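Residue-level structure breakdown
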Amino acid sequence: MPPLALLRTFEVAARHLSFKQAAAELHVTPAAVSQQIRSLETELGVLLFERLTRAVRLSARGEAMLPKVRDGLAQLADAVELACTPAAAELLNVTAPPSWASHWLLPRLPDFYARHPGIEVRLASSSETVDPAGGSAALAALARAPGELAVVFGTGRHPGWRVDALLTPDYLPVCAPGLASSERPLDVPADVCRHLLIHDDTLSHAGNDAWGWQRWLQAAGLDRQARGPGRHFSNAVLAIEAALAGQGIALAARPIVAGHLACGALLAPFPLAIPSPYTYCLVGRRQAAERPAVAAFRQWLIEASHPDT
């Protein structure tokens, strides 16, 4: 094979039928184009151009050679473009509880993308993944999408599925700073009863207040009947937003509100916290673990959930 540069010069000169125009496109002199064409003709042992007084034209050999050379150069250009084009990201669908997805996972996803730029996480939040009663509505959806994952907040018992425990949160009262410095200060745990208590109904089994504020009041040594008025919300996202807006005191999962506590948007007036009877678990089909994207996300998520181990 002759040098690729000579073939490229031949294609440009044949396309223009002018050494001068070919020189302009290749950013060389017409003499350089003429010399390269002569070198190619010498190497091949054939005449590719007929030199006329003020023009050139392809010889019969040149005309026969041109289409193949043009096709070959185009295929080489396509190969280079393919090599330089980033590969399409592998898509991974993950469904998670709304509060965990928005307050815990989203702030950490940039770290995952930095480590695995070839994987795109399509994150969806669904209240079906908050499953304290063990109904596993989220797993019914997973059964229809065998390569996907779900983070489920519940008992952690899901027979037949691959389950990885992520974290078991503890719950503590949180409120906006202005509420704690109001005319009804929060100096001792009993002071919470003088304020509006914000309830996340997902903690109380759809309205049965067997767990939640009642459990915290008992841990604080307070009469559970002594609590003040309450306001109920269907999920933790709304409960946290209400606390951020200064509407009352919410009982929130420490890992979920850690960012708000760190920046001062929320404060925890009392250190007393109660452990949750439920845990966040990563759930997926056992066969899905063989997918590289699933394995990478699973390992990263477990490490992010246990940063001190």
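What comes next concerns the included structure.

Criteria and cut-off values
- Residues numbered from 1 in each chain as written.
- Predicted model: local features only at pLDDT ≥ 70, side-chain atom pairs only at ≥ 80, totals over all residues.
- Heavy atoms only, no water.
- 1 Å grid on protein atoms, 1.4 Å probe; cavity = no way out; pocket = protein on both sides within 12 Å on 5 of 7 lines; lining within 4 Å.
- Points joined across faces, edges and corners; volume = space filled by probe spheres on them.
- Helix = DSSP H or I, 4+ residues; strand = E, 2+ residues; numbered from the N terminus.
- Nonpolar A, V, L, I, M, F, W, Y, C, P; charged D, E, K, R; others polar.
- Axes fitted to C-alpha atoms, helices over the stretch in contact; angles between N-to-C directions.
- Parallel < 35°, antiparallel > 145°, perpendicular 65-115°, else oblique.
- Contact = heavy atoms within 4.5 Å.
- Buried < 20%, exposed > 50% of the residue type's maximum accessible area, 1.4 Å probe, protein only.
- Pairing = 2+ DSSP bridges.
- Salt bridge = Lys/Arg side-chain N within 4 Å of Asp/Glu carboxyl O.
- Phe/Tyr/Trp six-rings, centres within 6.5 Å; stacked < 30°, edge-to-face > 60°.
- Core = buried A, V, L, I, M, F, W, Y, C linked by side-chain atoms within 4.5 Å.
- Polar contact = N/O pair within 3.5 Å; in protein donor to acceptor, adjacent residues only side chain to side chain.
- Left-handed = near helix turned anticlockwise from the far one by under 90°.

1. Some remarks on empty space enclosed by the protein
- Scanning the model with the defined rule gives 3 cavities of 30 Å³ or more in all.
- Each pocket or cavity is described by its volume, and for the largest cavity that value is around 160 Å³.
- If you go around the largest cavity, you meet 20 residues; those closest to its centre are S99, Y171, D200, T202 and A236.
- Within the residue set of the lining of the largest cavity, elements represented by two or more residues are helix 5 (98-115), helix 9 (236-244) and strand 11 (249-253).
- A breakdown of the residues in the lining of the largest cavity according to their chemical character gives 16 nonpolar, 3 polar and 1 charged.

2. Quick word on the packing of helix 2 (residues 19-26) against helix 3 (residues 30-44)
- Between helix 2 and helix 3, the least distance of the axes is 8 Å, while the angle of their chain directions is 105°. Of the possible angle classes, the one that applies to helix 2 and helix 3 is roughly perpendicular. Residues F19, K20, A22 and A23 of helix 2 lie in contact with helix 3, whose contacting residues are P30, V33, S34 and I37.
- Class assignment of the residues belonging to the contact of helix 2 with helix 3 gives a composition of 6 nonpolar, 1 polar and 1 charged.

3. Some points on the pairing of strand 6 (residues 149-154)
- Taking burial as the measure, the 6 residues of strand 6 include 6 buried ones, the bulk of the element.
- Burial along strand 6 is two-sided: L149, V151 and F153 facing one way and A150, V152 and G154 facing the other are all buried.
- The pairing of strand 3 (residues 90-96) with strand 6 spans 2 bridges and is parallel. Each bridged residue has a counterpart across the sheet, and for V94 the counterpart in strand 6 is L149.
- Pairing analysis gives 2 bridges linking strand 5 (residues 130-131) to strand 6, with the strands arranged parallel.

4. Points about the pattern of salt bridges
- Per the counting criterion, the structure on display carries 13 salt bridges.
- Note that E11 and R8 form a salt bridge whose closest N and O atoms lie 3.2 Å from each other. On the criterion of helical spacing, the pair formed by E11 and R8 is a turn pair, its members being 3 residues apart in helix 1 (residues 4-16).
- Between R70 and E11 there is a salt bridge, with the nearest N and O atoms lying 3.4 Å from each other. Placement of R70 in helix 4 (residues 60-84) and of E11 in helix 1 is noted, with a sequence separation of 59 residues between them.
- With relative accessibility at 5%, the residue E11 sits in the buried group.
- Each of R8, E11, R15, E25 and R70 takes part in one network of salt bridges that share partners.

5. Some words on the packing of aromatic side chains
- Taken as a whole, this structure holds 12 aromatic pairs when the rule is applied.
- Both rings, one in F10 and one in F49, keep their centres 5.8 Å apart while their planes meet at 65°; by these two values the pair is edge-to-face. A residue pair is termed long-range when its members are at least 10 positions apart, and F10 in helix 1 and F49 in strand 1 (residues 49-51) qualify at 39 residues.
- You can call F10 buried: its relative accessible area is 0%.
- Here F49 falls in the buried class, since its relative accessible area comes to 0%.
- Here the aromatic cluster, defined as three or more aromatic residues joined through ring pairs, consists of W100, W104, F153, Y278 and Y280.

6. Focus: the nonpolar core
- One finds W100, V192, F297 and L301 to be the most contacted residues of the largest nonpolar core, which totals 57 residues.
- Apart from the residues lying within four places of it in its own chain, the contact partners of V192 are L186, L197, W216, L217, I249 and F270.
- If you look at the next biggest cluster of nonpolar residues, it comprises 20 residues, including V12, A13, L58 and M65.

7. Details of the side chain of E11
- Looking at E11, its side chain comes within polar contact range of the side chain of R8, at 3.2 Å.
- Apart from the residues lying within four places of it in its own chain, the contact partners of E11 are L66, V69, R70 and L73.

8. Side note on the packing of helix 1 against helix 3
- Where helix 1 contacts helix 3, the axes come no closer than 9 Å and their chain directions differ by 115°. Between helix 1 and helix 3, the crossing angle belongs to the class labelled roughly perpendicular. Judged by the twist between their axes, the crossing of helix 1 over helix 3 is left-handed. Taken together, the residues of helix 3 that come into contact with helix 1 (itself represented by A5, L6, L7, T9, F10 and A13) are V33, Q36, I37, S39, L40 and E43.
- Grouping the amino acids of the contact of helix 1 with helix 3 by side-chain chemistry returns 8 nonpolar, 3 polar and 1 charged.

9. Observations regarding unusual backbone geometry
- Although it is not a glycine, L17 sits at a positive phi angle of roughly 50°.
- The exposure class assigned to L17 is partly exposed, which follows from its relative accessible area of 39%.

10. Comments concerning the sheet that holds strand 11
- The 5 strands lie next to each other as 10-9-11-8-12, forming an open sheet whose pairing is mixed. If you trace the sheet from one side to the other, it starts and ends with strand 10 (230-233) and strand 12 (274-275), each paired once.
- In this fold helix 9 packs onto strand 8 (170-174), strand 9 (197-200), strand 10 and strand 11, with an angle of close to 165° to the strand it touches most, strand 9.
- Relative to strand 11, helix 10 (residues 254-263) is tilted by about 115°, and along the sheet it contacts strand 8 and strand 11.

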